[in-house]
Amino acid sequence: MIDVVSFLPAKRKQTSSGWISFNAPCCIHRGDTQDKRQRGGIKPSPDGSWSYHCFNCGYTASFVLGRNLTFKARKLLEWLNVPTEEIERINLESLKHKSIEGLLGERQEVIQRLQSIEFEDRDLPAETQELNELAKEYLQKRCVSLDYPFLYKTMPRRGVVIPFTHNNQVVGHTTRFLDDRTPRYIQDIQSGYVFGTDLQKSNWQTAIVVEGVFDALSINGLAVLHAEINDAQVRLIRSLGREVVVVPDQDEAGMKLVDRAVELGWSVSMPDWPAGVKDVNDAVIQLGRLGTLLTIMQSRETSKIKIELRKKQLVKRLRT
Ligand SMILES: [Zn+2]
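Below, the structure is looked at part by part. The residue count restarts for each chain, going from 1 along the sequence in the order it is written. The predicted origin of the model limits local features to residues at a pLDDT of at least 70 and limits the giving and counting of side-chain atom pairs to 80 or more, whereas totals for whole chains, interfaces and linings rest on all residues. Where side-chain values are given, they derive from all heavy atoms of the structure, hydrogens and water being excluded.

1. Comments concerning the coordination of the zinc ion
Donor atoms (N, O, S) are those found within 2.8 Å of the metal centre, with the cutoff raised to 3.2 Å for Na, K and Ca; water is not part of the atom list, so apparent gaps in a site can occur. Coordination sphere of the zinc ion, protein contribution only: C26 (SG), C27 (SG), C54 (SG) and C57 (SG), at 2.3 to 2.4 Å. For the zinc ion, the four donor atoms are set out with angles of 101 to 121° between them, so the coordination reads as tetrahedral. In terms of primary sequence, the donors binding the zinc ion are separated according to C-C-x26-C-x2-C. Only protein chains enter the accessibility calculation, which uses a 1.4 Å probe; a residue whose area is less than 20% of its type maximum is buried, one above 50% is exposed, and one in between is partly exposed. Here C54 falls in the buried class, since its relative accessible area comes to 0%. Residue C57 is classed as buried on the basis of its relative accessible area, which comes to 7%. Irregular is the label for any site that misses the other tests, which are tetrahedral for four donors with all angles between 85 and 135 degrees, and square planar for four donors or octahedral for six when opposite donors exceed 155 degrees and the remaining angles lie between 65 and 115.

2. Some thoughts on the packing of aromatic side chains
What characterises a pair of aromatic rings is the spacing of the ring centres plus the angle enclosed by the ring planes. Between rings of Phe, Tyr and Trp, where Trp is taken as its six-membered ring, a pair exists when centres lie within 6.5 Å; planes separated by under 30 degrees are stacked, by over 60 edge-to-face, and by other angles tilted. The full count for this structure, using the stated rule, is 11 aromatic pairs. On the basis of an interplanar angle of 75° and a centroid distance of 5.8 Å, the ring pair of W19 and F55 is categorised as edge-to-face. Taken together, the positions of W19 in the loop between strand 1 (12-14) and strand 2 (20-22) and F55 in the loop between strand 4 (50-54) and strand 5 (60-63) put the pair 36 residues apart, joining distant regions of the chain. The class of W19 is buried, set by a relative accessible area of 14%. Here the aromatic cluster, defined as three or more aromatic residues joined through ring pairs, consists of F119, Y148, F150, F164, Y193 and F195. A cation over an aromatic ring shows up here: K72 above the ring of Y59, its NZ or CZ 4.8 Å from the ring centre. A helix here means a DSSP run of H or I that spans at least four residues, while a strand means a run of E at least two residues long, and both kinds are numbered starting from the N terminus. Charges are assigned to positions over rings by a cutoff of 6 Å between ring centre and Lys NZ or Arg CZ, combined with an angular limit of 35 degrees from the ring normal.

Printed below as a string of structure tokens:
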């Protein structure tokens, strides 16, 4: 058993949401001032896996039982004064569980498929907080589950931070600002990244590909994060081995996604949604999650001719 808590400073406290907070050891190693407000947080899972986030300097690291310690997780343990031999012992102990990783969850198959594609670990923004009521209200209004590890920040503007994960490691993020000024989002995204792979379950046959992060969050879909799908994203999506249905935004830009989907031989769904609904997230807000998934499945087309016809119809409607 790997008990990360035993390596933490004696001065620490547990929050109701499962975080253990203590003075962050990372900041001084990263040119930031020493944390004295217990802004380091670690969230352990029952199996010994954990994720760390510094609410002060933004450093993130995580450990998944059955996998090698990542570079950032090793650094964190060093900064916590864990001796090198002990770090190696943790790594070996973890690898002993390699075969059972995933048997613990329903994501085994997805985890294995994702392991072939790697992204660099990234930090989250500095100076974040747990979600406050304003942010929670915003997310509830957009019909996304508060189970996702969102964060909140106030500088330079108030916004919800949405970590981008791949195989449960943080590899980027986007911030959705809560005032409606532009830009509405800022992103730290790596080329070829697809959001939402960690939302997929092993027994799912279909992957629904959408444009935006909120579209993906509201139906557990995959988001390509713009109105195009680059070749690296195609490889990642194909590696999941699912039937793919692309659901474009119903606007001019979204129609580019339709052409790309046809080129790739993927299905396309352009449901006849109520007036004013232009993307999956709008649809979920109006029709609910199940209702939206039904409209997507019912309107799914594989025939190139039928897709072109439906696109023409939509374009015509957009221009009137
Ligand atoms: Zn820090």
